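# Survey of secondary and tertiary structure
Each chain, written out:
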Amino acid sequence: AIAAPPRADLAGLRVAVSTGGTREPIDPVRFLGNRSSGRQGTELALAAADRGADVTLVAAHVDEGVLASASRHTRITMVRVGTAAELETAMTDAAAGADVVAMVAAVADYRAAEVSREKLRKEDGVPRLDLVTTPDVLAGLVAARRPGQIVVGFAAETAADDAELLARGRRKRERKGVDLLAVNRVDETHGFEATDNRVLLLDAAGTVVSDAAGTKREVADAIWDAVAAVR
Ligand code: CTP
Ligand code: CA
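Residues numbered from 1 in each chain as written. Chains lettered and ligands numbered in written order. Predicted model: local features only at pLDDT ≥ 70, side-chain atom pairs only at ≥ 80, totals over all residues. Heavy atoms only, no water.

A separate point is the pattern of salt bridges. Pairing is possible between side chains that carry opposite charge, provided their charged atoms lie close to one another. Going through the model one piece at a time under the given rule, you end up with 19 salt bridges. Between E118 and R121 there is a salt bridge, with the nearest N and O atoms lying 3.1 Å from each other. (Salt bridge = Lys/Arg side-chain N within 4 Å of Asp/Glu carboxyl O.)

Written out as structure tokens, the structure is:
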């Protein structure tokens, strides 16, 4: 059998994608982090590159195994970051030349106000952590959006049912000012670490333009279809 020719419907499109989860240091051995595996953002980058786009993938603490295909791809440039501040710098740079920007990374919302240079030790008693907020990278990208640039956000939400998920998603879409918001339900069996995913895609009017379920690659292709439709 002859394989179908690859789709090249995104040829020439310049794309910046963030993935993974930032880690904010507390002391030399500890950090504040989250459970993001970086799989969905990596699949989003791979799907775009396979469809002809030129991609910058900014990865925060993603296993090299997860990144393997992306780091070999000729149309993907990899940038590795650790903290929210580093991710902000890398995505701001990448967005300056991008037609589409997608913030899939789980950015830590808080960091320690002061990072201890010494390891915190039990003999010094229970530490009190003063937290401050990290920069909202997506808000900065939306504020600096170039004419015609499309900004895609992600939202991982816990919700009792689809109605609550949709209501939360619509509020977040409004608050973030993005062109598309991919709303992801997270619980014990969905979202983080799983191979399959389900996202509701909301456009700028809050309309559900896609309810995509399947492998993270299938969800990624549905997102690019929606991007192509709003352009
Ligand atoms: N995001 C970001 N910078 C942050 C926090 C979040 O760029 N400091 C981005 C994420 O990459 C995602 C979107 O904002 O694309 C929504 O993230 P989410 O955590 O769902 O929203 P928050 O605004 O942080 O609100 P909350 O965690 O309270 O739900
Ligand atoms: Ca958050």
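On to the confidence of the model for the protein, then. Across the protein, pLDDT averages 94, with 96% of residues at or above 70. Scoring of the predicted complex yields 0.95 for pTM and 0.99 for ipTM. (pLDDT = per-residue confidence, 0-100.)

Looking now at helix α1 (residues 39-50). Spanning twelve residues, α1 covers 16 Å between terminal C-alpha atoms, matching the ideal 16 Å at 1.5 Å per step. The buried fraction of α1 is high, at nine of twelve residues. Along α1, the residues classified as buried are Q40, G41, T42, L44, A45, L46, A47, A48 and A49. (Helix = DSSP H or I, 4+ residues; strand = E, 2+ residues; numbered from the N terminus. Expected span 1.5 Å × (residues − 1). Buried < 20%, exposed > 50% of the residue type's maximum accessible area, 1.4 Å probe, protein only.)

Within the span of helix α2 (residues 64-72), buried status applies to V66, L67 and A70. Buried residues in α2, looked at end-on, bunch into an arc of 75 degrees, giving them a common side. Turned more than 90 degrees from where α2 packs its buried face, G65 and R72 sit exposed. Turning to α2, the residues buried within the fold contact α1, β4 (54-60) and β5 (76-81). (Arc of directions from axis to C-beta. Contact = heavy atoms within 4.5 Å.)

We now examine the sheet that holds strand β1 (residues 14-20). By definition, the strands of a sheet pair up through backbone hydrogen bonds, in either a parallel or an antiparallel sense. Taken in spatial order, the eight strands of this open sheet run β5-β4-β1-β6-β9-β10-β11-β12, and their pairing is mixed. Since the sheet does not close on itself, it has two edges, and those belong to β5 and β12 (208-215), each with one partner. Shown here is a sheet whose adjacent strand axes are inclined to one another by a mean of 15 degrees, direction ignored. Pairing geometry for β4 and β5, over six bridges, is parallel. Of the residues in β5, the one forming a bridge with V58 is V79. The strands touched by α2 are β4 and β5; relative to β5, the strand with the most contacts, the crossing angle is about 150 degrees. (Pairing = 2+ DSSP bridges. Axes fitted to C-alpha atoms, helices over the stretch in contact; angles between N-to-C directions.)

Close contacts around ligand 1 come from 16 residues, with M103, A105, L138, K172 and K176 the closest. At 2.8 Å, a backbone N or O of M103 approaches an oxygen atom of ligand 1. Contact between ligand 1 and A105: an oxygen atom at 2.7 Å from a main-chain N or O atom of the residue. When the free accessible area of ligand 1 is taken as 570 Å², the share hidden by the protein chains comes to 77%. If you list the elements that add at least two residues to the shell around ligand 1, you get α4 (137-143), β9 (150-157) and α5 (162-176). With four residues, the single largest contributor to the shell around ligand 1 is β9. (Near = heavy atom within 4 Å. Polar contact = N/O pair within 3.5 Å; in protein donor to acceptor, adjacent residues only side chain to side chain. Areas by Shrake-Rupley, 256 points an atom, 1.4 Å probe, with all protein chains shown as cover.)

Let us now look at the UniProt feature "binding site: CTP" (unreviewed entry) in the protein. Mapped onto the present numbering, the UniProt feature "binding site: CTP" (unreviewed entry) falls on D109, K119, P135, D136, V137, L138, F154, K172 and K176. Across 68 residues, the annotated set is spatially dispersed, with a maximum C-alpha separation of 37.6 Å. If you trace the backbone, D136 turns up in the loop between β8 (131-133) and α4. A polar side-chain atom of D136 sits 3.3 Å from the main-chain amide nitrogen of L138. Structurally, K172 is set in helix α5. In contact with K172, other than residues within four places in its own chain, are A155, E157 and L181. (UniProt positions renumbered as here; feature names shortened; annotations may be inferred.)

Another point: the packing of α1 against α2. With their axes 10 Å apart at the nearest point, α1 and α2 run at an angle of 10 degrees to one another. Between α1 and α2, the interaxial angle falls into the category roughly parallel. Residues R39, T42 and L46 of α1 touch α2, and the partners they reach there are V66, L67, S69 and A70. Counted by class, the contact of α1 with α2 contains four nonpolar, two polar and one charged residues. (Parallel < 35°, antiparallel > 145°, perpendicular 65-115°, else oblique. Nonpolar A, V, L, I, M, F, W, Y, C, P; charged D, E, K, R; others polar.)

Quick look at the environment of D221 now. Among the structural elements, D221 can be located in helix α6 (residues 216-230). In this structure the C-alpha to C-alpha distance between D221 and E43, which are 178 residues apart in sequence, comes to 8.8 Å. Here D221 is in contact with R7, A47 and R51, once residues within four sequence places are set aside.

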